[in-house]
Amino acid sequence: MVLQNRIALIALFFICFAGISEAGTFEKKLEAELRKQIKGKIMKTYDYLKPEDIKVSIKNPDILKSVTGKSFQLGLKHNVDYLGYTIVPVSIFNRYQDKVKELKIAIEAEGYTDFLVSKRVIPKNKPLRAEYFEKQYKPMYGKPKNSVHNFSQVEGMELKASLGHGNILTEGLIRPIPLIRQGDQVNIIFNNGKIELKI
């Protein structure tokens, strides 16, 4: 009788351990897939980002503890910017594909990239040169969405307005260098092959 009770307790222990192990495995799979898909969505929106530039954190991790199931479906939408804070609905299914649980997972995603930051005050109408800037790897949150990330984007351009020291260069501050400025003296030459006229 004592031996049977011991065997029963050992069997119960292994059943419980297997259940915990299964829950842990399912939780890890769900978390890994969620991070992967969030990063993929962000990289479609910001094509200059790489997976290592994106940090995804789950703000309510306790919700995943002891979650078991056979499969899951993430409620991610198309054409949504997933940088920042968002709630992702997750459906959990059993082996018969019956929905057994609906989770609301709070996600915060941060993106990091290079910004062109001025090393000095750059006056208006000044043609831009690479040595005026340094690249700084910063979080994207709170930065202008039209920021310039590489000098090749602005080569041959000038500033519409002066840029202070330590400021981020944005597309709204730049323009092509004009051929003629107000106040410039120019010579106009007309030539139709027979007559040449200079003004």
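Anything mentioned here points back to the structure above.
Residues numbered from 1 in each chain as written. Predicted model: local features only at pLDDT ≥ 70, side-chain atom pairs only at ≥ 80, totals over all residues. Heavy atoms only, no water.

Colleague: Explanation requested: the pattern of salt bridges in the structure shown.
Modeller: Should their charged atoms come close, side chains of opposite charge can pair. Overall, the coordinates contain nine salt bridges when judged by the stated rule. Taking the shortest distance from any N to any O, the salt bridge between Glu-108 and Lys-59 comes out at 3.3 Å. Remark: Lys-59 occurs in the loop between β1 (54–58) and β2 (71–74) and Glu-108 occurs in strand β4 (residues 99–118); sequence separation between them is 49 residues. In this structure Glu-108 comes out as partly exposed when scored by relative accessible area, which is 29%. For Lys-59, a relative accessible area of 46% gives the class partly exposed. Among the salt bridges present, the one from Glu-102 reaches Lys-99, with a minimum N-O distance of 3.2 Å. Taking relative accessible area as the criterion, Glu-102 reaches 38% and is therefore assigned partly exposed. (Salt bridge = Lys/Arg side-chain N within 4 Å of Asp/Glu carboxyl O. Helix = DSSP H or I, 4+ residues; strand = E, 2+ residues; numbered from the N terminus. Buried < 20%, exposed > 50% of the residue type's maximum accessible area, 1.4 Å probe, protein only.)

Colleague: Help me understand the side chain of Ser-91 in this model?
Modeller: Among the structural elements, Ser-91 can be located in strand β3 (residues 84–93). Residue classification places Ser-91 among the buried positions, given a relative accessible area of 9%. Separated by 2.9 Å, the side chains of Ser-91 and Glu-102 make a polar contact. (Polar contact = N/O pair within 3.5 Å; in protein donor to acceptor, adjacent residues only side chain to side chain.)

Colleague: Help me understand the nonpolar core in this model?
Modeller: Inside soluble globular proteins, nonpolar side chains tend to come together where they are buried. By size, the foremost hydrophobic cluster in this structure holds 26 residues, and its most contacted members are Leu-34, Ile-38, Ile-42, Val-90, Leu-103, Ile-105 and Ile-107. Those elements that place two or more of their residues in this core are α1 (2–45), β1, β3 and β4. Tallying contributions element by element places β4 first for this core, with six residues. For Ile-105, the residues in contact, after removing those within four places along its chain, are Leu-34, Ile-58, Asn-60, Ile-63, Leu-64, Thr-86, Ile-87, Val-88 and Val-90. Core analysis: the second largest hydrophobic core is formed by 12 residues, Leu-128, Val-154, Leu-169 and Ile-174 among them. (Core = buried A, V, L, I, M, F, W, Y, C linked by side-chain atoms within 4.5 Å. Contact = heavy atoms within 4.5 Å.)

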